[in-house]
Amino acid sequence: MDPTRRELLKTGAAVTAMAAAPGIFAQQRGRGDSDLPAGSVYERGPVKIHYVEVGTGFPLMLIAGGGLSSNVDGLRNPFDCWKEFSGEYRCIAADLRNGPNGRSTGPLEVDRPWDSYTDDHIGLMDHLGIDKFFVMGFCIGGPLIWNLLKRAPDRVAGAVLAQPSGFRPELPTYNYDNNMMAWGPDLVKRRPEITMAMVDKFLSKMYLNVDFTFTAPRDFVRQCKTSVLIMPDDIPAHPYRVAMEAAMLAPKAEVSMFPWLHPKERIPLALRQMHSFLKAHRPTTV
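Residues numbered from 1 in each chain as written. Predicted model: local features only at pLDDT ≥ 70, side-chain atom pairs only at ≥ 80, totals over all residues. Heavy atoms only, no water.

*Asks:* Please explain the packing of aromatic side chains as it appears in this structure.
*Replies:* Any pair of aromatic rings gets described here by the distance separating the centres and the angle formed by the planes. What the rule picks out here adds up to 10 aromatic pairs. Residues Tyr89 and Phe134 carry aromatic rings whose centres are separated by 6.0 Å and whose planes lie at 75 degrees to one another, so their mutual orientation is edge-to-face. In this pair, Tyr89 is assigned in strand E4 (residues 89-94) and Phe134 in strand E5 (residues 133-138), connecting sequence segments 45 residues apart. For the pair Tyr89 and Phe134, one class covers both residues: buried. With a centroid separation of 4.6 Å and 45 degrees between ring planes, the pair formed by Tyr240 and Phe258 is classed as tilted. Placement of Tyr240 in helix H9 (residues 240-249) and of Phe258 in the loop between strand E8 (253-255) and helix H10 (267-281) is noted, with a sequence separation of 18 residues between them. With a relative accessible area of 31%, Tyr240 lands in the partly exposed category. Look at Phe258 and you get partly exposed, because its relative accessible area is 37%. (Phe/Tyr/Trp six-rings, centres within 6.5 Å; stacked < 30°, edge-to-face > 60°. Helix = DSSP H or I, 4+ residues; strand = E, 2+ residues; numbered from the N terminus. Buried < 20%, exposed > 50% of the residue type's maximum accessible area, 1.4 Å probe, protein only.)

Below, the structure is given as structure tokens:
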């Protein structure tokens, strides 16, 4: 990458990251909790995915926030998903491939970044013998869920997209810049076979010149037959406009109140809506 452009990216990303810090870094504070089981590893060729299961009942895949650093510990914020849902559901979550904790690893598929993550999610459910399931995702979970609905629509009984990330035209390189500054250099340090040129190509394919939800165009969302509950946020990484446009387009969409995260006294009401949505769409036979 051109040195001048790299310096500009560093400056711009630092400014935007500071503006978004309360929302983004809140997703990371769950690290270090020790009451989760150690988890297991699912392997598919060179891919190794660390995952955790808690609870029994109809399967619920959980996708933590935190961008490309998403991991099972991040499901403590903005509330403890494990405690909230494991009493009724078989909760399953995995660390995203190649995150900084190193518990899930695999090739950096530069030409198909979103699909490589979706391969891991579908592969994990296949590994566990699960056909039909709910999915709930935060932040990066939004575009990952839309991609899952594109790839395996008949397997998802219902989806909750909380604080979904998406494209913000006034900050068109926001996600690319932040990951080139932090996630990419960390990955290259741990994995010498991966170069920053590969990271650049991977992130460019993910985030640059891609509108709306990053993974699902408006025509797909307009025709999506899966029931979705969309819970908007509005920080740089989680544009309110994208969440609400998706809610208006999707024919079976419900939307939460806004804001639902603040003040914190609103979170129990939002949780009641999540539980009601899941209960209403839980299959009677699986």
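Having seen it, we continue.
*Asks:* Help me out: how do you make sense of the side chain of Asp95 in this one?
*Replies:* With respect to the helices and strands, Asp95 occurs in the loop between E4 and helix H3 (113-127). For Asp95, the side chain forms a polar contact with the side chain of Arg103, separated by 2.7 Å. Not counting chain neighbours up to four residues away, the residues in contact with Asp95 comprise Ile49, His50, Ser70, Asn71, Val72, Asn101, Arg103 and Ser104. (Polar contact = N/O pair within 3.5 Å; in protein donor to acceptor, adjacent residues only side chain to side chain. Contact = heavy atoms within 4.5 Å.)

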